[in-house]
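Here's the letter readout for the chains.
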Amino acid sequence: MTLDSFAEWCYRQRLEGVDINLRSFPSLEKDVLKRFKILCLRKGLGIACIGVSNNFGLPDPDWTQHVQMAKRGVDVAAFLGAPLVRVFAGWTPEGETDEAAWERTVKGLWEVAAYGDEQGVVVGLQNHNHKGLTKTGEDIVQMIHQVNHPNLSHILDTGQYCGSLGASGATPESIQRYDLYKNIEQTAPLSVFVRAKIYRMETGEEEWLDYPHIFGILNRVGYNGWVSIVYEGQEDEWTALPKAVKYLRKFMN
């Protein structure tokens, strides 16, 4: 999709805003960003979050490049008026220890959070499995505590905790074994943004994740923020996504 068709689709679905990755922009020149900002304004769409696909677990010189990438995401968010930038912790490179990658990640997150603080943009750390450094609720809590910067918050991805269906080889039964919902309970109080994974929407209701339970957790902690739809199913997007919009809206009362 182009930026124009993306904004138009969101408008036609009567969505309230957009969650967009840096990679979705054809360039980060100000003219391109300004055009998208005006387009969203005319469509009545808030720019909720700017995503960055970084990896702070890498050694230099890659580490420095990924820190600069995240800072560029902060700049873009500030220019567009988005309050939040989404970043990952990272992954341990082959041949290195988790401890070394963790230490680099703490340093990278602190540096970007401090930079975001100067620009008035919150930095949100998203949980991510697939051998990521923050694949459990405990990992997220520990990382945020260790970074210890007031401008670092949490973006909760409902399908990206260890053992969830986003993991390789995971099944609906494995959700209970790894206690996905316990991880969500652990980090929901820290969350300023939620990315709702959708896997199976053929019946009009998500079959793999228990969203009545998930929204019950969010309601108990008073969550009142954005919920972004992240589709990773096999049904055609054009038929699945409108059903996902309708389904998730049931929990927004």
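Source: prediction; values computed, not measured.

Observations regarding the sheet that holds strand β6 (residues 191-198)
Spatially, 7 strands are ordered β1-β2-β3-β4-β5-β6-β7 in an open sheet, and the strand pairing comes out parallel. At either margin of the open sheet sits one strand with a lone partner, and together these are β1 (17-21) and β7 (227-231). Strand after strand, the sheet turns through a mean of 30° between neighbouring axes, direction not considered. When strand β2 (residues 46-51) meets strand β3 (residues 84-87), the two strands line up parallel, connected through 2 bridges.

Digging into the side chain of K197
Along the polypeptide, K197 turns up in strand β6. Given the relative accessible area of 2%, K197 is considered buried. Here D157 takes part through its side chain, which lies 3.2 Å from a polar atom of the side chain of K197. Here the side chain of K197 touches E232 through a polar contact of 3.5 Å, side chain to side chain. For K197, the contacting residues outside a window of four places in its chain are D157, T158, G159, Q160, L209, Y211, V230 and E232.

Remarks on the layout of surface pockets
Over the atoms, a rolling probe the size of a water molecule traces out where space has been left empty. Of the volumes computed, that of the largest pocket is approximately 1400 Å³. Along its surface, the largest pocket is lined by 49 residues, and F6, D19, S228, I229 and V230 are the ones closest to its centre. Listed by contribution, the elements that provide at least two residues to the lining of the largest pocket are α1 (3-12), β1, β6, α8 (211-220), β7 and α9 (237-249). Broken down by element, the lining of the largest pocket gets its largest block of residues, 6 residues, from α9. For the lining of the largest pocket, the class distribution of residues is 25 nonpolar, 14 polar and 10 charged.

Notes on unusual backbone geometry
Cis peptide bonds are those with omega within 30 degrees of zero, and the linkage from D60 to P61 qualifies with 5°. Looking at where P61 falls in the secondary structure, it is placed in the loop between β2 and α3 (62-80). Non-glycine residue H130 carries a positive phi angle of around 55°. In this structure, H130 sits in the loop between β4 (122-126) and α5 (137-147). On the basis of relative accessible area, H130 is assigned to the partly exposed category, the value being 37%.

What counts and what doesn't
Residues numbered from 1 in each chain as written. Predicted model: local features only at pLDDT ≥ 70, side-chain atom pairs only at ≥ 80, totals over all residues. Heavy atoms only, no water. Pairing = 2+ DSSP bridges. Helix = DSSP H or I, 4+ residues; strand = E, 2+ residues; numbered from the N terminus. Axes fitted to C-alpha atoms, helices over the stretch in contact; angles between N-to-C directions. Buried < 20%, exposed > 50% of the residue type's maximum accessible area, 1.4 Å probe, protein only. Polar contact = N/O pair within 3.5 Å; in protein donor to acceptor, adjacent residues only side chain to side chain. Contact = heavy atoms within 4.5 Å. 1 Å grid on protein atoms, 1.4 Å probe; cavity = no way out; pocket = protein on both sides within 12 Å on 5 of 7 lines; lining within 4 Å. Points joined across faces, edges and corners; volume = space filled by probe spheres on them. Nonpolar A, V, L, I, M, F, W, Y, C, P; charged D, E, K, R; others polar.

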